[in-house]
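The primary structure of each chain is shown beneath.
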Amino acid sequence: MSNTAVAGKVTEKSQNPEKWLIEEPPTLTPEARALFEKYSKNPHHEVIPHIKAIRDNAFQIYPYPCLGRWAFLDLRLRQSPQYPQVLSRIKNGDRYLDIGCCIGQDIRSLVADGAPSENTYGSDMKGDFIDVGYALFRDRATLKTTFIEADIFDADSELNSLEGTVDIVHAASFFHLFDWDEQIKAAKCVVRLLKARPYSMVVGRQLGHVDARPMMYRFISGKPLFRHNVESFARFWKQVGDETGTTWKVEAGFEQGLDDYGEESEMETEEVAKGERWLVYSVCML
Ligand SMILES: C[S@@+](CC[C@H](N)C(=O)[O-])C[C@H]1O[C@@H](n2cnc3c(N)ncnc32)[C@H](O)[C@@H]1O
């Protein structure tokens, strides 16, 4: 079956970034508050004004919904079933790369939980987000994470310096930025960066669709982005494996219930299409 034919038609979502700019942050979770007070050493009363000012700046760089809707404060990697394994592997020397890390909140969460920052890498095509992350977490002088400004589709980028050396890649809200063929290209780059051995792993979370389909988000690229369901995601990694000579164990599932946007997943709204929901996954090399 052709991948553009999976859903038969492209679903269009007309979107205006201002719609997902929420002025005030939500009540911080205890984990997020601890990150800003204990890790970043902000006095309690300065946390909210600080993160508001920095977030507004980040939204000017590019209006991603995860910034406008404060989703970066959720520290989603911490909530994933793989988090204890990821944390313990980095503590034991594994090399972790957050691809499309944006402001790098998940890296800071791991480091605050005891992961040695020298084992962590972050990469984003917008270096300004990396600077915003330092400002947000006030750790430019202490964090030993290596940040690499690179477009994953650039074959000559600095990412090449990591080729065959990474154990764990975190890709959150990343593959869903692209159409099927671009996702294959991005995943093949990820495979190239990973060590070619069992237990090399990709973990993440991205928007999916129960029917697996290309969807149009005009504000991003003017072309359809592919939304996976569990079956298409398995088929996707089979193709990645066939084209890279690797084999993968794919575990993926939709999050149940309400989604990030506070809307019922089955509800058709301007921001959440009917059937669209979060796909959480881990993919392990065999
Ligand atoms: C929606 S944000 C997700 C950020 C973060 N992973 C999270 O979950 O909060 C996607 C990030 O991917 C980056 N990005 C987009 N296209 C990219 C590309 N071709 N190569 C590298 N990074 C890219 C963007 O700059 C942005 O920071």
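As the structure is a computational prediction, the values presented were derived from the model and not from experiment.

Asker: Go over the environment of serine 109 with me, naming the residues and quoting the values.
Answerer: One can find serine 109 in helix α6 (residues 105-112). Assessed through the 22 C-beta atoms surrounding it within 10 Å, serine 109 is described here as buried. Setting aside its immediate chain neighbours within four residues, serine 109 contacts Leu35, Leu75, Leu77 and Arg78.

Asker: Outline the environment of leucine 194, listing residues and values.
Answerer: Tracing the chain through its elements places leucine 194 in the loop between α8 (180-193) and β6 (201-209). Exposure remark for leucine 194: the 24 C-beta atoms within 10 Å place this residue in the buried category.

Asker: Please provide a residue-by-residue account of the pairing of strand β3 (residues 120-124), values included.
Answerer: The buried count for β3 comes to five of five residues, which makes it a mostly enclosed element. In β3, alternate side chains face the same way, and those of Thr120, Gly122 and Asp124 on one face and Tyr121 and Ser123 on the other are all buried. What joins strand β2 (residues 96-99) to β3 is α6, and the crossover it makes is right-handed. Pairing between β3 and strand β4 (residues 146-149): four bridges, direction parallel. Considered in β4, the bridge of serine 123 is made with isoleucine 148. As for the winding sense of the linkage, the β-α-β connection from β3 through helix α7 (residues 127-137) to β4 is right-handed.

Asker: Quick one: what's the story with the confidence of the model for the protein chain, residue by residue and with numbers?
Answerer: Overall, the prediction assigns the protein chain a mean pLDDT of 89, with 86% of residues at 70 or greater. A low-confidence stretch, residues 1-8 (pLDDT under 50), is modelled with 10 contacts involving residues beyond four sequence positions or located in other chains. Low pLDDT (under 50) marks residues 258-270, which in the prediction has 24 contacts with non-local residues, meaning those over four places away or in another chain.

Cut-off values and rules
- Residues numbered from 1 in each chain as written.
- Predicted model: local features only at pLDDT ≥ 70, side-chain atom pairs only at ≥ 80, totals over all residues.
- Helix = DSSP H or I, 4+ residues; strand = E, 2+ residues; numbered from the N terminus.
- Buried ≥ 20, exposed ≤ 12 C-beta atoms within 10 Å, placed from the backbone.
- Contact = placed C-beta atoms within 7 Å.
- Right-handed = clockwise from strand over helix to strand, strands pointing away.
- Pairing = 2+ DSSP bridges.
- pLDDT = per-residue confidence, 0-100.

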